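Letter by letter, the chains look like this.
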Amino acid sequence: MTIAAPKPSDDNDLAEFGYEQQLHRSLGKFASFAAGFSFVSILTTIFQLFGLGFSFAGPAFFWTWPCVFLGQFMVALSFAELAARYPISGAIYQWSRRMGGEIIGWFAGWFMIIAQIVTASAAAIALQVVLPNVWSGFQIVGEDSSLTSSSGATNAVLLGSVLLVLTTTINCVGVNWMSRINNIGVTCEIIGVIAVIGMFFTHAQRGPQVVFDTGAAGSEPGYIWAWIVSGLMAAYVMVGFGSAGELAEETRNPRRVAPRTIRLALSVSALGGGLMIVGALMAAPSLTDGRLASEGLPYVLGAILSSPWGTLLLIDVAIAVFVCTLAIQTAASRLMFSMARDGRLPASKTLSKVNARTGTPIAPSVLIGIACILVLAVNVGNSAIFTTLSSVCIVLIYLAYLMVTVPLLRRRLQGWPHGDVQYDSEGRKLFSLGAFGIPVNIAAVLYGAAMVINLSWPRAEIFNPSGDMPILQWAAPITVVAVVLVGALCYPRGKTVPNPVTIGATK
């Protein structure tokens, strides 16, 4: 007769993996969901990137959205199963090292840290798209608020830096404050998304069949290639849903909560984002005047809303930008803390310290904030370079995801997960894919590999739209090689950590 393993408790859950509880475990279900939803932040990202997808493939670019969702959902299912068995901060790093070994785990964490720093900077700079339209006084430098202008780019750095100082302060104060602010922000964002969808559908000028209109095929040779390029918009948006795993050590009953919120954050984001895209296409004053491609959602909203309601919605978008930046920075700080706790980063002793009063790793939060502000500085007069960096960081995220799903598939083929049925702290069985594990995992790997190729393809339209710097066309492979080389120099040699394959490997 098989005897089930005893239930782990939240208090000593980490002891199984060789760690002690240092972070304050106070986050509930909604806070866990909010971490993933605010990282994706469809109100921020679709507001920014709608024009990118439409400009390449017309209204039918919508169909890239469900395609990317299905691929990412395969990844999310794989992550959910790992989150149930390894409820540890620094999820991508911890999962990949336990599935693939120390080197793969370290580089997965390294890729994610770099990507999250750039992603947080990209989110912070979105304030420039919003705040000067709310009040002209937010345009502190010059008069031209466009990101492509010198004054707009400089002002974007200023606004983004102020935001990053605020998010860094909140992260240092403690996870409870971060959670409260994030929960309020996510609630506002969800209300805003519902309001936007409602306005689009009640002001529709054409039916939902518009999503079958291919429009202009763009500059790619043939529509299918234009459609594939347009899929980059969805690929840029639907990342970061695994943030619930990053906060596992601060979540109550993470073995049950984190797997559920990983799936829920992606699913709700996909549903809300899909309805926003369809609604915008139905409500746009024109599909052919070029403004939808160049201006995106602000063009549609401006045509629908009177000034007071439009301003209120812009304020809601600014709140979404705020909580998005906060969530990304929080996830990055927990990843850095987790790697430092294992002695895998320079100055690990300092970076792994947790403030006893706030229960927060302050040094990683400050370092991430400073690094984000430094990345913002490249946008001063060089918005094209920053746009390229933002695109490349998504490639690094997808590579980090592959460094989880590929080793996981290999372990599945060797019989993982081993052992008896496992239970969470409430006595419920852990989330498991069962017989679907291998086919879901294969789909996740194939999707991830295809998307890395698509994201990295040297397209001038994406990486060097102005044509001024031809080398930027090869930015993705060049950056990946550079990150690998720098990572090889930083890799900690001669240091040992508990064997990740044996600790908790049978769970």
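Position labels on residues start from 1 in each chain and follow its written sequence. This being a predicted model, a pLDDT of at least 70 is required before a residue's local features are given, and a value of 80 or more before pairs of side-chain atoms are given or counted; all residues contribute to the totals for chains, interfaces and linings. Only hydrogens and water are set aside when side-chain values are computed; all heavy atoms of the structure are taken into account.

1. Notes on the overall build of the chain
Rule in force here: Strands are runs of DSSP state E lasting at least two residues, helices are runs of H or I lasting at least four, and both sets are numbered from the N terminus onward. Atoms considered for the radius of gyration are the C-alpha atoms alone. The globule rule reads 2.2 Å times the number of residues to the power 0.38. The contact criterion used throughout is that any non-hydrogen atoms of two residues lie within 4.5 Å. Exposure was quantified through the Shrake-Rupley algorithm and a 1.4 Å probe, taking into account, for residues, occlusion by the shown protein chains and nothing else. Positive: Lys, Arg. Negative: Asp, Glu. His and the chain ends are not part of the count. For this purpose, a charge sits on NZ of Lys, CZ of Arg, CG of Asp or CD of Glu.
The number of helices and strands found in the chain is 21 helices and zero strands. Taking 23 Å as the expected radius of gyration for a compact globule of 507 residues, we find that the chain reaches 22 Å, a close match to that expectation. Projected onto its principal axes, the C-alpha coordinates of the chain cover approximately 70 × 45 × 45 Å. Long-range contacts, defined as pairs at least 24 residues apart, comprise 83% of the intrachain contacts of the chain with a sequence gap of at least 6. Accessible surface, the chain as shown: approximately 19200 Å² in total, 68% of it carbon and sulfur. A distance of 11 Å separates the average location of the 29 positive side-chain charges in the chain from that of its 24 negative side-chain charges.

2. Regarding the side chain of aspartate 316
Put simply, the rule is: Remark: exposure states derive from per-residue accessible area (1.4 Å probe, protein chains only) relative to the maximum for the residue type, with buried under 20%, exposed over 50%, and partly exposed in between. Any Lys or Arg side-chain nitrogen found within 4 Å of a carboxyl oxygen on Asp or Glu counts as a salt bridge.
Checked against the element boundaries, aspartate 316 lands in helix α15 (residues 307–341). For the buried aspartate 316, no salt bridge is present, and the opposite-charge side chain at shortest range is arginine 180, 19 Å distant. If sequence neighbours within four positions are ignored, aspartate 316 has contacts with Leu43, Cys188, Glu189 and Gly192.

3. Digging into helix α9 (residues 223–230)
Short version of the rule: Each direction from the helix axis to a C-beta atom contributes to the arc, which is the arc of those directions.
Of the residues making up α9, those classed as buried are Ala226, Val229 and Ser230. The arc enclosing the buried residues of α9, seen along the axis, measures out at 100 degrees, which places them on a common side. Buried residues belonging to α9 abut α2 (42–57), α3 (64–85), α10 (232–237) and α20 (460–463).

4. What to know about the packing of helix α8 (residues 175–202) against helix α12 (residues 254–283)
For the record, the criterion: Helix axes are fitted only over the stretch in contact, all axes being lines through C-alpha atoms; the angle between N-to-C directions runs from 0 to 180 degrees. Every angle not falling under 35 degrees, over 145, or within 65 to 115 is termed oblique; those three ranges are roughly parallel, roughly antiparallel and roughly perpendicular. Here is the rule for handedness: rotate from the far helix to the near one, and if that takes an anticlockwise turn smaller than a right angle the crossing is left-handed, while a clockwise turn gives right-handed. Three classes are used: nonpolar for Ala, Val, Leu, Ile, Met, Phe, Trp, Tyr, Cys and Pro, charged for Asp, Glu, Lys and Arg, and polar for all others, with Gly counted as polar.
Look at α8 against α12: their axes get within 8 Å of each other, and the N-to-C directions meet at 30 degrees. The orientation of α8 with respect to α12, classified from their angle, is roughly parallel. Our pair here, α8 against α12, has a crossing hand that is left-handed. In this structure, α8 contributes Val193, Val196, Ile197, Phe200 and Phe201 to the contact, and α12 contributes Gly272, Leu275, Met276, Val278, Gly279, Ala280, Met282 and Ala283. Partitioned by chemical class, the residues of the contact of α8 with α12 number eleven nonpolar, two polar and no charged.

5. Comments concerning the state of the cysteines
Put plainly, a disulfide is one covalent bond tying together the sulfur atoms of two cysteines. For clarity, the cut-off: Put simply, a disulfide is two cysteine sulfurs that come within 2.5 Å.
Taken as a whole, this structure holds zero disulfides when the rule is applied. Cysteine 372 provides the cysteine sulfur closest to cysteine 393, a residue in no disulfide bond, and the two sulfurs are 11 Å apart. Free of any disulfide, cysteine 490 has its nearest cysteine sulfur in cysteine 372, 17 Å distant.

6. A closer look at the pattern of salt bridges
Throughout the structure, instances matching the rule amount to eight salt bridges. Across the pair glutamate 102 and arginine 344 runs a salt bridge whose closest N-O atoms are separated by 3.4 Å. Here arginine 344 lies in the loop between α15 and α16 (348–351) and glutamate 102 lies in helix α5 (residues 102–125), a separation of 242 residues in the sequence. Via salt bridges that share partners, Arg97, Glu102, Asp342 and Arg344 belong to a single interconnected network.

7. Focus on the nonpolar core
The test is simple: Each nonpolar core is a collection of buried residues, namely Ala, Val, Leu, Ile, Met, Phe, Trp, Tyr and Cys, held together in the definition by side-chain atoms within 4.5 Å.
Of all hydrophobic cores here, the largest spans 162 residues; its most connected members are Phe50, Trp95 and Tyr398. With 17 residues, α15 is the largest single contributor of residues to this core. Those residues within four positions of tyrosine 398 in sequence are excluded, and the remaining contacts are Val68, Gln72, Ala235, Met238, Val239, Tyr447, Met451, Val452 and Leu455.

8. What to know about a nonpolar patch on the surface
Quick reminder of the rule: Here the term patch refers to residues with relative accessible area over 30% and no salt bridge, with like charges joined within 9 Å and nonpolar side chains (Val, Leu, Ile, Met, Phe, Trp, Tyr) within 5 Å.
Taken together, the side chains of Ile140, Leu158, Val162 and Leu166 make up a nonpolar region of the molecular surface, amounting to roughly 350 Å² of accessible area. Looking at the secondary structure, you find isoleucine 140 in the loop between α6 (127–134) and α7 (150–173).

9. Topic: empty space enclosed by the protein
Over the atoms rolls a probe the size of a water molecule, and its path tells where empty space is left. This is how the line gets drawn: Grid spacing is 1 Å over the protein atoms alone, the probe is 1.4 Å, and a cavity is where that probe fits but cannot get out, while a pocket is an open set with protein on both sides within 12 Å along at least five of seven lines and lining residues have an atom within 4 Å of a point. Grid points are joined across faces, edges and corners, and a volume is the space filled by probe spheres set on the points.
Applying the stated rule across the entire model yields three cavities of 30 Å³ or more. A volume near 90 Å³ is recorded for the largest cavity. In terms of lining, the largest cavity is formed by 14 residues, of which the most central are Met112, Gln116, Gly242, Ser243 and Tyr401. Sorting the residues of the lining of the largest cavity by element identifies α4 (91–100), α5, α11 (243–246) and α18 (383–413) as the ones contributing at least two each. Element by element, the count of residues in the lining of the largest cavity is highest for α4, at three residues.

10. Observations regarding unusual backbone geometry
In the segment running from tryptophan 416 into proline 417, the intervening peptide bond is cis, with an omega of -5 degrees. One can find proline 417 in the loop between α18 and α19 (437–456). In this structure, asparagine 253 is a non-glycine residue whose phi angle is positive, near 50 degrees. Mapped onto the fold, asparagine 253 is located in the loop between α11 and α12.

11. Regarding the packing of α3 against α12
Here α3 crosses α12 at 170 degrees, and the two axes come no closer than 8 Å. Relative to α12, α3 is oriented roughly antiparallel. The class makeup of the residues in the contact of α3 with α12 is 16 nonpolar, five polar and three charged.

Purely geometric numbers; function is a separate question.
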